[in-house]
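Spelled out, the chains give:
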Amino acid sequence: QVQLVESGGGLVQAGDSLRLSCAASGLTFSRYYMGWFRQAPGKEREFVAATSQSGDNTYYADSVKGRFTISRDNAKYTLYLRMNSLKPDDTAVYSCAANYAGFVYNATAYDYWGQGTQVTVSS
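Note that the structure is a prediction, hence the values are computed from the model and not measured.

## Here we look at the overall build of the chain
Within the chain, the secondary structure is distributed over zero helices and 11 strands. Counting helices and strands in the order they occur from the N terminus, the chain gives β-β-β-β-β-β-β-β-β-β-β. Reported as C-alpha extents along the three principal axes, the dimensions of the chain are approximately 40 × 25 × 25 Å. By the burial criterion, 44% of the 123 residues in the chain qualify as buried. Across the chain, every contact between residues at least 6 apart in sequence was considered, and the portion connecting residues at least 24 apart equals 57%. Side chains of the chain carry 11 positive and 10 negative charges; the gap between the two charge centres is 3 Å.

Right, dumping it as structure tokens:
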């Protein structure tokens, strides 16, 4: 079975940094696009960032571009999201997801999802 397990969330102050990790198992990790999505209370899930199978291509939502960096370590079956200059609006549950086909901006294109990790940014 495929498992994606996020970690690294927590409570931080505005302007601080955090690194999320997503440990994958049960799939050929390097064959999948990987993405991060987030969902705040009362809001729809939104795309945050994604990366191609090799990690050579990255994609970001405008709201996080320049602040967040997505990366992956295929040897470790792990996806990362480095978040800098965090803002209260970044507060959400962050989930990682695996996507075989591409179309990384669309949540419906993803085949597998993790449970999410909470990120809370105080002002």
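Having seen the structure, we can now continue with the description.
## Details of the state of the cysteines
A complete count under the given rule lists one disulfide for this structure. Each disulfide pairs two cysteine sulfurs, and for C22 the partner residue is C96, the sulfurs being separated by 1.9 Å. Looking down the S-S bond of the C22 and C96 bridge, the torsion is 55°, so its handedness is right-handed. On the criterion of sequence distance, the pair formed by C22 in strand β3 (residues 18-25) and C96 in strand β9 (residues 92-99) is long-range, its members being 74 residues apart. The residues C22 and C96 share a single accessibility class, namely buried.

## Here we look at the packing of aromatic side chains
Enumeration according to the criterion identifies nine aromatic pairs in this entry. Each ring, one from Y32 and one from Y100, has its centre 5.4 Å from the other, and the planes form 70°; the classification is edge-to-face. Taken together, the positions of Y32 in the loop between β3 and β4 (33-39) and Y100 in the loop between β9 and β10 (112-113) put the pair 68 residues apart, joining distant regions of the chain. Overall, Y100 belongs to the partly exposed group, its relative accessible area being 45%. Three or more aromatic residues joined by ring pairs make a cluster, and in this case those are F37, F47, Y59, Y105, Y110 and W113. One cation-aromatic arrangement involves R45 over W113; the distance from NZ or CZ to the ring centre is 4.1 Å.

## Details of the sheet that holds strand β8 (residues 78-83)
Taken in spatial order, the four strands make up an open sheet running β1-β3-β8-β7, and their pairing is antiparallel. Looking at strand neighbours, the two that pair on one side only are β1 (3-7) and β7 (68-73), the edges of this open sheet. Across the sheet, the mean angle from the axis of one strand to that of its neighbour is 15°, orientation sign disregarded. Across six bridges, β3 lies against β8 in antiparallel orientation.

## As for unusual backbone geometry
Despite not being glycine, Y77 shows a phi value in the positive range, around 55°. Residue position: Y77 is located in the loop between β7 and β8. The class of Y77 is partly exposed, set by a relative accessible area of 32%. Phi is positive for S85, close to 50°, though the residue is something other than glycine. Mapped onto the secondary structure, S85 falls in the loop between β8 and β9.

Here is what the cut-offs are and how they apply
- The residue count restarts for each chain, going from 1 along the sequence in the order it is written.
- With the structure being a predicted model, the display of local features is reserved for residues of pLDDT at least 70 and the display and counting of side-chain atom pairs for 80 or more, all residues being used for whole-chain, interface and lining totals.
- Excluding hydrogens and water, the side-chain figures rest on all heavy atoms present in the structure.
- Here a helix means four or more residues in a row that DSSP labels H or I, a strand means two or more in a row labelled E, and each is numbered from the N terminus.
- The classification of residues rests on relative accessible area computed with a 1.4 Å probe and restricted to protein chains. Under 20% of the type maximum is buried, over 50% is exposed, and intermediate values are partly exposed.
- Pairs of residues are marked as contacts when any of their non-hydrogen atoms sit within 4.5 Å.
- Just so you know, the count uses Lys and Arg for positive and Asp and Glu for negative, and it drops His and the chain ends.
- Charge placement uses NZ in Lys and CZ in Arg. For Asp and Glu, CG and CD serve respectively.
- Counting rule for disulfides: a pair of cysteine sulfur atoms within 2.5 Å.
- Between rings of Phe, Tyr and Trp, where Trp is taken as its six-membered ring, a pair exists when centres lie within 6.5 Å; planes separated by under 30 degrees are stacked, by over 60 edge-to-face, and by other angles tilted.
- Ring-over charges, as used throughout, are those where CZ of Arg or NZ of Lys falls within 6 Å of the ring centre and within 35 degrees of the ring normal.
- Strand pairing follows a simple DSSP-based rule, namely that at least 2 bridges must link the two strands.
- Comment: axis = line fitted to C-alpha atoms, over the contacting stretch for helices; angle = value between 0 and 180 degrees taken between N-to-C directions.

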